[in-house]
Structure formats: structure tokens, C-alpha cells
Amino acid sequence: AGDGGGPAGSAAEGGGLPAPQRVLFPPTFSVSEIKNKQRRHFMFLRWKQQQRKEKLAAKKKRRKEREALGDKAPPKAVPKTIENQRVYDETTVDPNDEEVAFDEATDEFAPYFNRQTVPKILITTSDRPRGRTVRFCEQLSTVIPNSHVYYRRGLALKRIIPQCIARDFTDLIVINEDRKIPNGLLLSHLPDGPTAHFRMSSVRLRKEIKRKGKEPTEHAPEVILNNFTTRLGHSIGRMFASLFPHDPQFIGRQVATFHNQRDYIFFRFHRYIFKSEKKVGIQELGPRFTLKLRSLQKGTFDSKFGEYEWIHKRREMDTSRRKFHL
């Protein structure tokens, strides 16, 4: 890895023996030993490129061996991921569990799933919201049908909740902000709870999304819930489902997705684009955001005397990267 100033370099210049092939990365090579920052970054990129070439060559070799063996080829190895190495949770729900079916038939969301209640949502904010939070609430109201935006002016939540119940609102969504950026979401099911508190991140408004579609229509969207497998996850999934009418209007081709992965809930709003009878594309409409559950509280919002069903405690719960709660 030298600069050619040694004996080998002079022999090559004098027309004698050919210069030996340069060894890019000796066995004991470490990029971190390079003092120059630019050189270190350059060598790291070369090392990553070499690693990719070796990985691709090994993949091609294995594919040729499998083609040569034909039917006698061994089954493909399943790659290890954090998801398929997940630590088993004793609260994981069995779809055929009679106890779970009974609980869901008698919980706070049962009237919605039985089509006895029509969702009516109030979306509000922290005190005196700024421009970005205001625009996010407006766009969220176009995603959730029958939702109304109210901007708070110093009014406490404990005074808002009785007014919501009196006016037949079924859910209350509060968008909190910090330094003019939305950073929290409170979802309270009325009139008897529960209340979930989420940390919000990665908020993207419609104008910030590349290749976005036209403005969403007033059709009730289809709702997709992915990977809510535990009892806690089922409760959170039912809370999200109860925000939307139970009769989606498929003619609008709109779909709202809540995708849970490693306890992060990713929200996306898309429209189907039917290119032909066999090909279907999707077009993102926005907004998009990511949620992380902080707590689940019984009843409506009560910061002092509320009874909590679940609280995220980082020091006690985040002991393993393969342990998930939703």
C-alpha cells in the first residue's frame, strides 16, 4: 500500500522484474489507522466496494451450484433478521382464541365494529400552534373522514373533553409540538377511554413528498393494519381502526396504512393506480409520519390521577433488541 518509492518501484522503472501486484487491503489492515480524514473516507469506500463485489461473486457462485444440482439442491437458507429472531411474547394473540374474541366483542370499540356508532373526530393542538403544526392538522383532517379541526387558545384538555362528549365526538386527537415541529400525538377514545400517548417523528407534509398524487378525495378510505400481534397491539390497532368509517368506499381507491415494525408505527396514505387488469401501482398522497407508543391509559386524559395500563420504561423494557411489545 506504499507509493512505489521502494526497490520494487525502481526495478519496474528500470525495465527489470515486473512490479509485484499491489495488495489493497492486507489481513491486518484497519481503515481507522489512517490519520488523514479524506484518505480514510476514500479507503473506506473502496473497502465497502470490495466487500460488495465479493458478496455478489459468492451469490453468483451459489446460484450456479444450485442450477447444476437441480432438484437435489438444498433448500435456501432463511436469512436471520431481527423480526424473525423476535423473542416470544406470551401475550401474542391467537386468531382463534375465544377469550380474545369475547374481549373484543365487549370492549369500548365494539359499537364501532358492530356499526352502531359513526366516528366523529375532533383534531386539536397544543396551545397556540405554529404554521407547520397547523398545516399538518389540516392535512390530517382530509385523511380522516368526519373530522373537525379546532385550534386551542389556552383551553385545558379537561375542559375540552366534556364539550366533545356533549357534542357526540367519538375520539379526540391532540397534536403536540416542540420548536414549531409536531412531536407528539394524544389519542383519546370518548366517552370512557382508553387514551394512548405517542411520540411523533419523521413528519412529512404533502409538498415535501416526491412524486405525490393529486389531493385526496372525500371518499372513505380503506384501512390496513399490519403486525399488531400482541394484546397491547390489538388494542392500539382497534383504536386506529375506530377513527375511520367501517364502510370504505373502494371507488375512491384510497388506503390508509398503519404498519408496525419493531414497535414503530409507520403511517402512509396512498391511492391505487390500476394500470391494467394485472398491474396495479400506488401513489402516495401524504402526509406521512411515524409513531412510538409511550403509554396507554384507562379512561380519558388525566395526567395526575389516571390509571395506566402500559407505560414504556426504557431502562427496564429495552434490554433486548429482539423484544417487541406491539
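These figures come from a predicted structure and were not determined experimentally.

S.K.: I'd love a proper account of unusual backbone geometry, names of residues and values included.
M.R.: Look at the link from L190 to P191: it is a cis peptide, with omega at 5°. Structurally, P191 is set in the loop between β4 (181–189) and β5 (195–204). Geometrically, the link from G286 to P287 is a cis peptide bond, its omega value of 0° lying close to zero. Within the element layout of this structure, P287 appears in the loop between β9 (280–284) and β10 (288–297). Of note in this structure, D168 is not a glycine but carries a positive phi near 65°. Looking at the element boundaries, D168 is found in the loop between α6 (157–166) and β3 (171–178). With relative accessibility at 58%, the residue D168 sits in the exposed group.

S.K.: If you had to explain the domain arrangement of the chain to someone new, which residues and values would you point to?
M.R.: Domain boundaries assigned for the chain yield domain 1 (31–67) and domain 2 (94–318). A separation of 43 Å is found between the C-alpha centroids of domain 1 and domain 2.

S.K.: Report on the confidence of the model for the chain, specifying residues and quantitative values.
M.R.: Scored by pLDDT, the chain comes out at a mean of 85, with 91% of its residues at no less than 70. The low-confidence segment residues 1–15 (pLDDT under 50) makes eight contacts with residues lying over four places distant or belonging to another chain.

S.K.: Lay out a positive patch on the surface in plain terms, naming residues and giving numbers.
M.R.: Together, K48, R52, K55, K59, K60, R62, R63, K64, R66 and K76 make up a positively charged patch on the protein surface. For K59, a relative accessible area of 49% translates into the label partly exposed.

S.K.: Got a sec to walk through a negative patch on the surface? Specific residues and values, please.
M.R.: A contiguous patch of negative charge on the surface is contributed by D94, D97, E98 and E99. As for its position among the elements, D97 is in the loop between α2 (37–69) and α3 (98–106). Note on D97: relative accessible area 30%, which makes it partly exposed.

S.K.: For the pattern of salt bridges, give the residues involved together with the corresponding values.
M.R.: Evaluated as defined, the whole model comprises nine salt bridges. R288 serves as the salt-bridge partner of E284, at 2.7 Å between the closest nitrogen and oxygen. The class for E284 is buried, based on a relative accessible area of 12%. Residue classification places R288 among the partly exposed positions, given a relative accessible area of 24%.

S.K.: Quick one: what's the story with α6, residue by residue and with numbers?
M.R.: Among all positions of α6, only L157, I160, I161 and C164 are buried. Down the axis of α6, the smallest arc covering the buried residues is 100°, so these residues share one side. Exposed side of α6, more than 90 degrees from the buried face: R159 and A166 are the residues found there. Taken together, the buried residues of α6 touch β1 (121–125), β2 (147–150), β3 and β4. After α6 finishes, the residue D168 shows a positive phi value of roughly 65°.

Thresholds, definitions, all that
Residues numbered from 1 in each chain as written. Predicted model: local features only at pLDDT ≥ 70, side-chain atom pairs only at ≥ 80, totals over all residues. Heavy atoms only, no water. Helix = DSSP H or I, 4+ residues; strand = E, 2+ residues; numbered from the N terminus. Buried < 20%, exposed > 50% of the residue type's maximum accessible area, 1.4 Å probe, protein only. Domains from an automatic or database assignment. pLDDT = per-residue confidence, 0-100. Contact = heavy atoms within 4.5 Å. Patch = residues over 30% accessible without salt bridge, like charges linked within 9 Å, V, L, I, M, F, W, Y side chains within 5 Å. Areas by Shrake-Rupley, 256 points an atom, 1.4 Å probe, with all protein chains shown as cover. Salt bridge = Lys/Arg side-chain N within 4 Å of Asp/Glu carboxyl O. Lys, Arg positive; Asp, Glu negative; His and termini not counted. Charge placed at Lys NZ, Arg CZ, Asp CG, Glu CD. Arc of directions from axis to C-beta.

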